[in-house]
Amino acid sequence: MPSTSATLSNADFSLRKWLLIGVLAELAIFGYCYAIQPELNEVFRHAARYSGRLSLLLYLLTLTYFALTFHDTAPGVLATVKKLAIIFCVCHLIHFGFLTTNVVLNGIEPVPFKLAGGFVGYLMIVLYPFLIDRIRNKKLHFIYFLYVGVVIIGTYMARIKGEFPGAEPGPVHYFGAGATVLALLVFGWMIFGARPQVQG
C-alpha cells in the first residue's frame, strides 16, 4: 500500500483551473458582502474578513502539503508546492485589496511597526513563487512558512485583543491563531526533528 507521502508526491492538478476557482471564490465573497451590506465601507470590511479566512485555509493547505512531502525527493513535489503557493499568493493579494480599501473607507489608522511586519509578509508571499525553484536547501523554505504564519498569528491575536476596529473577538479568531501555532509546531517538528522513514 503506498505511503501518504508517496501518494501526495504524485498529486497533480491544473493550476489554471484551481487559480480560477480561487479568484471566483474571492468574487463570490465580495458579491455576498455586497448583497447583505447596505454601506460600501461595510461591504469591504466584511469582504476583508471572509477573504482573510480563505487565505488562512490556503496557507494551512500549502504548509500541510509541504510538511507531509518534505522528506520526499520526487521531482514533482516542489512543483506542487509552487502551484499551491501561487494560488495562495493571488487570493491573498485580492484579500489585501479588500483590506486596504476597508482601512481607507473606515478611517482605520495602521500601527507603523505592524504595518512594516505585514509588508514584509506580503512581500514574501509575492516573491516566494518566483524564488522557490532557486532555494536548494528545503529547510530554508520553512522560513517563508514560519514568518507568514507569525504574521497570521499576530493578526488574529490583534483581533482577539480588540485592537482592530470593527472586528469583535470570536471563535474563528481563536481557531485561526491556534491552528496556525499548532501547524507550525507539529510540522516544524516533522521537518527538523523527525527522522525520514526509509522506504523498504
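Residues numbered from 1 in each chain as written. Predicted model: local features only at pLDDT ≥ 70, side-chain atom pairs only at ≥ 80, totals over all residues. Heavy atoms only, no water.

Undergrad: How should the layout of surface pockets be read in this particular structure?
TA: Looking at the largest pocket, its volume works out to about 1,400 Å³. Lining the largest pocket are 49 residues, and of these L99, Y122, T155, R159 and F164 lie nearest its centre. Those elements that place two or more of their residues in the lining of the largest pocket are α3 (40-68), α4 (76-105), α5 (112-131), α6 (141-160) and α7 (171-192). Residue classes in the lining of the largest pocket are distributed as 27 nonpolar, 14 polar and eight charged. (1 Å grid on protein atoms, 1.4 Å probe; cavity = no way out; pocket = protein on both sides within 12 Å on 5 of 7 lines; lining within 4 Å. Points joined across faces, edges and corners; volume = space filled by probe spheres on them. Helix = DSSP H or I, 4+ residues; strand = E, 2+ residues; numbered from the N terminus. Nonpolar A, V, L, I, M, F, W, Y, C, P; charged D, E, K, R; others polar.)

Undergrad: Looking at this model, I keep getting lost on the environment of Y122. Mind explaining?
TA: With respect to the secondary-structure elements, Y122 resides in helix α5. It is 8.0 Å that separates the C-alpha atoms of Y122 and L93, two residues lying 29 residues apart in sequence. In contact with Y122, not counting residues within four places along its chain, are H92, H95, F96 and L99. (Contact = heavy atoms within 4.5 Å.)

Undergrad: Could you clarify how one ought to interpret a nonpolar patch on the surface in this entry?
TA: The grouping of F119, V120, L123, L127, F130 and L131 at the surface amounts to a nonpolar patch, some 580 Å² of accessible area in total. With relative accessibility at 37%, the residue L131 sits in the partly exposed group. (Patch = residues over 30% accessible without salt bridge, like charges linked within 9 Å, V, L, I, M, F, W, Y side chains within 5 Å. Areas by Shrake-Rupley, 256 points an atom, 1.4 Å probe, with all protein chains shown as cover. Salt bridge = Lys/Arg side-chain N within 4 Å of Asp/Glu carboxyl O. Buried < 20%, exposed > 50% of the residue type's maximum accessible area, 1.4 Å probe, protein only.)

Undergrad: Would you take a moment to explain the nonpolar core for this structure?
TA: Where a protein is soluble and globular, its nonpolar side chains tend to be buried together. Ranked by internal contacts, the top residues of the largest apolar core, which has 48 residues, are Y59, L63, F88, Y128, Y144, F145 and V148. Only α2 (15-36), α3, α4, α5, α6 and α7 provide two or more residues apiece to this core. When residues of this core are assigned to their parent elements, the largest contribution, 13 residues, is made by α3. (Core = buried A, V, L, I, M, F, W, Y, C linked by side-chain atoms within 4.5 Å.)

Undergrad: What is the right way to read the packing of aromatic side chains from this model?
TA: The geometry of an aromatic ring pair is captured by the separation of the ring centres together with the interplanar angle, meaning the angle of the planes. Per the stated rule, a full pass over the model turns up 14 aromatic pairs. Geometrically, the ring pair formed by F30 and Y34 is stacked, given 6.3 Å between the ring centres and 25 degrees between the ring planes. Note that F30 and Y34 are positioned in helix α2 at a spacing of four residues, about one turn of the helix. On the basis of relative accessibility, which here comes to 25%, the residue F30 falls in the partly exposed class. With 5.5 Å between their ring centres and 75 degrees between their planes, F142 and F192 make a pair best called edge-to-face. Note that F142 is positioned in helix α6 and F192 in helix α7, a separation of 50 residues in sequence. Residue classification places F142 among the buried residues on the basis of a relative accessible area of 8%. The positively charged end of K138 is found above the aromatic ring belonging to F70, 5.3 Å away from the centroid. (Phe/Tyr/Trp six-rings, centres within 6.5 Å; stacked < 30°, edge-to-face > 60°. Lys NZ or Arg CZ within 6 Å of the ring centre and 35° of its normal.)

Undergrad: Honestly, the side chain of S55 in this entry has me stumped. Any pointers?
TA: Structurally, S55 can be placed in helix α3. Of the residues examined, S55 reaches a relative accessible area of 2% and is grouped as buried. Separated by 2.8 Å, the side chains of S55 and H92 make a polar contact. Residue contacts for S55: discarding those within four places in its chain leaves F88, C91, H92 and H95. (Polar contact = N/O pair within 3.5 Å; in protein donor to acceptor, adjacent residues only side chain to side chain.)

Undergrad: Got a minute to help me understand α6 in this structure?
TA: Given 3.6 residues to a turn, an α-helix orients residues that are three or four positions apart in the same direction. Taking 1.5 Å as the rise per residue, α6 with 20 residues should run 28 Å; its terminal C-alpha atoms sit 29 Å apart, in good agreement. Restricting attention to buried positions, one finds in α6 the residues H141, F142, Y144, F145, V148, G149, I152, I153, Y156, A158, R159 and I160. On its buried face, α6 is in contact with α3, α4, α5 and α7. In the segment just after α6, G162 is the residue with positive phi, at about 75 degrees. (Expected span 1.5 Å × (residues − 1).)

Undergrad: Looking at this structure, I do not really get the confidence of the model for the protein chain. What am I missing?
TA: The predicted coordinates of low-pLDDT regions are not to be read in fine detail. Put simply, the protein chain has an average pLDDT of 88, and 90% of its residues get 70 or more. Confidence, expressed as mean pLDDT per element, reaches its minimum in the protein chain at helix α1 (residues 4-9) with 52 and its maximum at α2 with 97. (pLDDT = per-residue confidence, 0-100.)

Undergrad: Can you walk me through the packing of α3 against α6 in this structure?
TA: Angle between the axes and distance between the axes: these two values describe a pair of packed helices. Contact pair α3 / α6: the axes reach a minimum separation of 11 Å and the direction vectors enclose 150 degrees. In terms of axis orientation, α3 runs roughly antiparallel to α6. The element α3 and its partner α6 pack so that their crossing is left-handed. In this structure, α3 contributes G52, R53, L56, Y59, T62, L63 and F66 to the contact, and α6 contributes H141, F142, F145, V148, G149, I152 and Y156. Residues of the contact of α3 with α6, tallied by class, amount to nine nonpolar, four polar and one charged. (Axes fitted to C-alpha atoms, helices over the stretch in contact; angles between N-to-C directions. Parallel < 35°, antiparallel > 145°, perpendicular 65-115°, else oblique. Left-handed = near helix turned anticlockwise from the far one by under 90°.)

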